[in-house]
Structures are given as structure tokens and as C-alpha cells.
Amino acid sequence: MTQNLQPFWETALQDIEKEVSRANFLTLFRQTALYSLEDNIATIAAPSTMVIDLLQKRFLPIIKTALEKQVKKEVDILFIAKTVTNTQKKEEEVPLFSTTPSTSPTIGHLPRVRPDYTFETLAVSDSNRLAFESARNVAQHPGKSYNPLFIYGPVGVGKTHLMQAIANEVYAQNADNKIIYITSEEFTNEVVEAIRSNDTAKMKRRFRSANLLIIDDVQFIAGKDRVQEELFHTFNSLIDNGAQIVLSSDRPPSEIKKLEARLSSRFAGGLTVDVESPDFELRCAIILKKAEKSGYIVSMDAAKFIAEREQDVRSLEGALLRVVTLSGEKGIDEDMAKKALGLSAEKRQDHILHAEDVVDTVCDFYNIKQTQLKGPKRDASLVKARQVAMYLLKNELNLTLVEIGNVLGGRDHTTIMYGVEKIEKLVEKKAVLSEEISGITKLLRG
């Protein structure tokens, strides 16, 4: 975080405080920071994806107006999940789901790794037990047991938590370990930038000197020949040096299309484990555990009510945050949960939606192919369909900008942000497009 940006944010917060309730301000805004301001993109750090979800959905216009007033220019807002600290905050003002104690002097101890993502904070049941035990074994004996460890499963089942728990455990064993946690999109960007700047040697030294390399959503390197080539040689170098490699994907190596056979073989050469969607009992346990960690007491009946309506970890976190935010109480019973979620629960679809459901439905509605939707062509009709898909992925599935970019062919988060905002403005104006989106949404919800 650039410290000289913080005065802008502190002043902006003063304006924001006048526009929101006291409870919302203390819960959602007090542990945020202006992390960076580059190329008219203001990156705001918030303590968790749950907080980010509420900030984006309910307060983005207020945040944008307040910040633009201070920096004297128009900016696009990007949120990242990082813990920030203000040692002058009173203990009672620490927001929900803070990832580190308020006395912590830094933003996490590993770049891009949440310090609260540990094995101790992960709820375990039959749906993720094998992956949990495998990850813990790897963390205790990096480079010696399962190498690589390949974890796969659908969105929102805890793959990222497991991988970051490995990173935290290895770091705790020896802070001198060089640990790299990176998404496949970021790895791709680094390869492209190294080629552009004619400095591939520096990039190779960075990745091939790691003691632990973790790559999230590795399926998105499929079809990118130069990136796959670099990863192949990096993979071999790390294995030869005894370093540990951990990979995640939404599918097993054999099902990743356009992945070179030599890479697929190496991905499958260690241990491949899947993480299933959490069952009802695990969803209840996740709610109770996260609430307890944040100082809230949720009754079992309330936990069951939430667990019956939310199917993945991220949705559970978002629902829990809505309940505790709207109730304003430390003790949450079933009536409070129903009051906070009842209306929205009635509107939810009976089946679980996935990103591919949205993509398929949009393609069918506009009579285009998936390859066209995810491809590079910028015909007006394709751009329109693509931006509608971005909007629906954001609003129906609560995916992050990076996740949406990955679903739609590896697009940059700024492109996604622009597309979502454009459709939101058209919907607000009740343009013809809003009727199309309503029709697509009805199809999605059956």
C-alpha cells in the first residue's frame, strides 16, 4: 500500500460516513484503504471477499463519488482482499471477518495470501477431507510427499483456502522459504511482459528459485502455447530442485482442453484430489465457525436456515455477513436470519447456477457460439452479448472481476469492470436491453 494515498482515502471516508448508517460504516468501511491509484484505476483493499461483495453492490457509487472528489479525476474502482491496519482504531470498531488482529503492523505476512486461511480455520467433512489431509501433508513435508499436488473442484468449495493454508504453514516453518502464490492469469501476464520487455531471464529466475510455487485456476493457460512452454520448463526445474508445486483447477488435468500432453502428464504425475461442493452439515459448520471467529453467536437453527439456501462457501460467507450486518446483534437466531434473508431467499433459484450456465444461456439467447463469446472478435453484437454475460456473472453468481475475466477467455479485470458498469447504466435507464436481461435471467432461473 502506498502510504501517501491514505490521506485521500481518510478524507473520502469522512464524506462516506455522512452517507451511510453508523453500523454499515463501522462494519464495512473502517478497515479499508486506498491501496493504489494507477492509470485511473483506484484499488481499494478490504478485509474479505464478503465485505467487498457488499461494498460493490450497495455502496460503489458513494465510494466512487467521494474518492473522485479527493483525487480530482474520474476513476474506476477495483477491490482486493487484503487486511489493512489502523492502530488507532478502537477494538470495538474492528469490522466483521477481519483477517488479522488490529495490532498487526503489515498487510498480511505473504503477498496475496490471507493469514486467516489456515488449516485450523477450515471446516472439514467428507466432501473435502481427502484434499485437506493431502494439503496438510504437503505443507508439513514440502517437496517430499505429493509433488505436484493438483486440487480441482467447482467455484466456491474452498480450493483457494487449502492452497493458501499450505503457503501459511510452509512460511511458518521457515520464513526464509521463497513462496509464490499466483493465478494463471497473473502468470500469463508476467510471461507476456517478460517477452515484451525482452527480459525473460529475470522472470525465469523469479519462478525457478521458488521453494513453493502455487498457481490458482491453472486451466486458463490452455491454448496459450508460450505460457505453457514456460510453465513446462519451470515445472521441471522446480521438481529437479526439490521444490513443491501446488496447482488448482475446476477440472482434472485430463479434462483441460488445449493443454499440452506433456504438461497434462506432469500435472497428473503427483497426487490429484477433488473438492466436492460442501454438504449440508459442512455448510452449517462453516457458518458456525466463521461466526464464532468474528465474535458472533449463531444458533443452530439459524445456521441450518442459511445452509439450506446457500450452496457454496462464498455464498455462505456473503449470507452470514448480510445477516450480522442487518441484525446489528451479537447473537443471531433463526428469526433474525429469516428477516435478513427471507425476501432474497424467496427469489433464489431452486437449482445451483454455475458460470457455464450463464455462458450457455447468453449464447442461446443471442444465437452465438461460446467460442465467439469468449473469443477476441469485437463485432457490436458480440460485444453486447459479452457484456451482458459479464453483468450476469457478476450479479447472479457474485464472481469477482478476475474470475469473470477468466470465464470469458482470460480478459483483463478493467475490461470486465467497464462492461459491467455499462450494462448497469443501461439497466438503470430501463433501456430495451434491460428487457433482454430480464428474459435471460428468467431462463437461468427456470
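How each quantity is defined
- Residues numbered from 1 in each chain as written.
- Predicted model: local features only at pLDDT ≥ 70, side-chain atom pairs only at ≥ 80, totals over all residues.
- Heavy atoms only, no water.
- Helix = DSSP H or I, 4+ residues; strand = E, 2+ residues; numbered from the N terminus.
- Buried < 20%, exposed > 50% of the residue type's maximum accessible area, 1.4 Å probe, protein only.
- Contact = heavy atoms within 4.5 Å.
- Salt bridge = Lys/Arg side-chain N within 4 Å of Asp/Glu carboxyl O.
- Pairing = 2+ DSSP bridges.
- Phe/Tyr/Trp six-rings, centres within 6.5 Å; stacked < 30°, edge-to-face > 60°.
- Axes fitted to C-alpha atoms, helices over the stretch in contact; angles between N-to-C directions.
- Expected span 1.5 Å × (residues − 1).
- Core = buried A, V, L, I, M, F, W, Y, C linked by side-chain atoms within 4.5 Å.
- Parallel < 35°, antiparallel > 145°, perpendicular 65-115°, else oblique.
- Left-handed = near helix turned anticlockwise from the far one by under 90°.
- Nonpolar A, V, L, I, M, F, W, Y, C, P; charged D, E, K, R; others polar.

Peer 1: Looking at this structure, I do not really get the overall build of the protein. What am I missing?
Peer 2: When you go through the protein residue by residue, the secondary structure sums to 19 helices and ten strands. Within the protein, the fraction of its 446 residues that count as buried is 51%. Counted over contacts in the protein with a minimum sequence separation of 6, partners at least 24 positions apart contribute 73%.

Peer 1: Looking at this structure, I do not really get the pattern of salt bridges. What am I missing?
Peer 2: Pairing is possible between side chains that carry opposite charge, provided their charged atoms lie close to one another. Counting across every chain of the model gives 13 salt bridges. With a shortest N-O distance of 3.4 Å, K338 and E334 are connected by a salt bridge. Of this pair, K338 and E334 both sit in helix α13 (residues 334–347), four residues apart, roughly one helical turn. By relative accessible area, K338 is classed as partly exposed at 38%.

Peer 1: For this particular structure, what's the right way to read the pairing of strand β2 (residues 41–46)?
Peer 2: Working note: regular strand, side chains alternate between the two faces of the sheet. Across the six residues that make up β2, a large majority, six, are buried. Burial along β2 is two-sided: I41, T43 and A45 facing one way and A42, I44 and A46 facing the other are all buried. One ladder, built from five bridges, connects strand β1 (residues 33–38) with β2; its direction is antiparallel. Its bridge partner being in β2, L34 is matched across the sheet by I44. Hairpin connection between β1 and β2: a loop of two residues separates the two successive antiparallel strands, and D39 in this loop has a positive phi of roughly 50°.

Peer 1: What exactly am I supposed to notice about the packing of aromatic side chains here?
Peer 2: In this description, a pair of aromatic rings is defined by centroid distance and the angle of the planes. If you walk through the whole model with that rule in mind, you get seven aromatic pairs. Note on F119 and F132: the rings are 5.7 Å apart at their centroids and 85° apart in plane angle, and the pair reads as edge-to-face. Within this pair, whereas F119 is found in the loop between β3 (76–81) and α4 (129–140), its partner F132 is found in helix α4, the two being separated by 13 residues in sequence. For the pair F119 and F132, one class covers both residues: buried. Taking 5.0 Å as the distance between ring centres and 65° as the angle between the ring planes, the aromatic pair formed by F187 and F207 counts as edge-to-face.

Peer 1: Can you help me understand the environment of D176 in this one?
Peer 2: The residue D176 is located in the loop between α5 (159–173) and β5 (179–183) in this model. Spatially, the C-alpha atom of D176 lies 9.5 Å from that of N211, the residues being 35 residues apart in sequence.

Peer 1: Is there a simple way to think about the sheet that holds β5 in this case?
Peer 2: Hydrogen bonds between backbone atoms are what pair the strands of a sheet, whose relative direction is either parallel or antiparallel. Strand order in the open sheet formed by five strands is β5-β6-β7-β4-β8, and the pairing between neighbours is parallel. Sheet topology places β5 and β8 (271–274) at the edges, where each strand pairs with a single neighbour. Across the sheet, the mean angle separating the axes of adjacent strands is 15° when strand polarity is ignored. In the sheet, β5 pairs with strand β6 (residues 212–216) via five bridges, with the strands oriented parallel. Residue pairing in the sheet places T183 in a bridge with D216 of β6. Contacts between α4 and the sheet are confined to β4 (149–152), β7 (244–249) and β8, with β8 contributing the most and set at about 140° to the helix. The sheet strands contacting helix α6 (residues 184–196) are β5 and β6, and the helix crosses β5 at an angle near 100°.

Peer 1: Would you mind showing me how to read α4 here?
Peer 2: Helical geometry note: an α-helix holds 3.6 residues per turn, so side chains three or four residues apart project in the same direction. An ideal rise of 1.5 Å per residue puts 16 Å on twelve residues; α4 measures up with 17 Å between its terminal C-alpha atoms. Regarding α4, the residues found buried are A131, F132, S134, A135, V138 and A139.

Peer 1: I keep staring at the nonpolar core and nothing clicks. Help me out?
Peer 2: Buried together is how nonpolar side chains tend to be arranged in soluble globular proteins. In terms of nonpolar packing, the biggest core is built from 50 residues, with W9, I16, F29, L55, I63 and I306 touching the most fellow members. If one sorts the elements of this core by residue count, helix α3 (residues 49–71) sits on top with ten residues. In contact with I63, not counting residues within four places along its chain, are W9, I16, F29, I44, L55 and F79.

Peer 1: Got a minute to help me understand the packing of helix α10 (residues 280–293) against helix α11 (residues 300–309) in this structure?
Peer 2: When two helices pack together, their arrangement is given by the angle between their axes and by how far apart the axes lie. With their axes 9 Å apart at the nearest point, α10 and α11 run at an angle of 120° to one another. Overall, the two elements α10 and α11 adopt an arrangement that is oblique. Along this stretch, α10 crosses α11, giving a crossing that reads as right-handed. Side by side, α10 and α11 meet where F280, R283, C284, I287 and L288 of the first sit next to M300, A303, K304, I306, A307 and E308 of the second. Of the residues that constitute the contact of α10 with α11, the class distribution is eight nonpolar, no polar and three charged.

Peer 1: What am I meant to see in the sheet that holds β1 here?
Peer 2: One open sheet accounts for three strands, arranged β1-β2-β3; its pairing is mixed. Whereas interior strands pair on both sides, the edge strands pair on one side only; in this sheet they are β1 and β3. Neighbour to neighbour, the strand axes of the sheet diverge by 25° on average, direction disregarded. The pairing of β2 with β3 spans six bridges and is parallel. When the sheet's bridge partners are listed, A45 is paired in β3 with I80. Across the sheet, helix α1 (residues 6–19) lies against β1 and β2, angled at about 125° from β1, the strand it touches most. Seen against the sheet, helix α18 (residues 413–428) touches β2 and β3 and runs at an angle of roughly 120° to β3.

Peer 1: Which parts of the structure should I look at to understand unusual backbone geometry?
Peer 2: Note: most peptide bonds trans; most residues except glycine with negative phi. The amide bond that connects N147 to the next residue, P148, takes the cis arrangement and shows omega of 5°. Position of P148 relative to the elements: it lies in the loop between α4 and β4. Despite not being glycine, K258 shows a phi value in the positive range, around 60°. Relative to the elements of secondary structure, K258 occurs in the loop between β7 and α9 (261–267).

That's the geometry; what it means functionally is another story.
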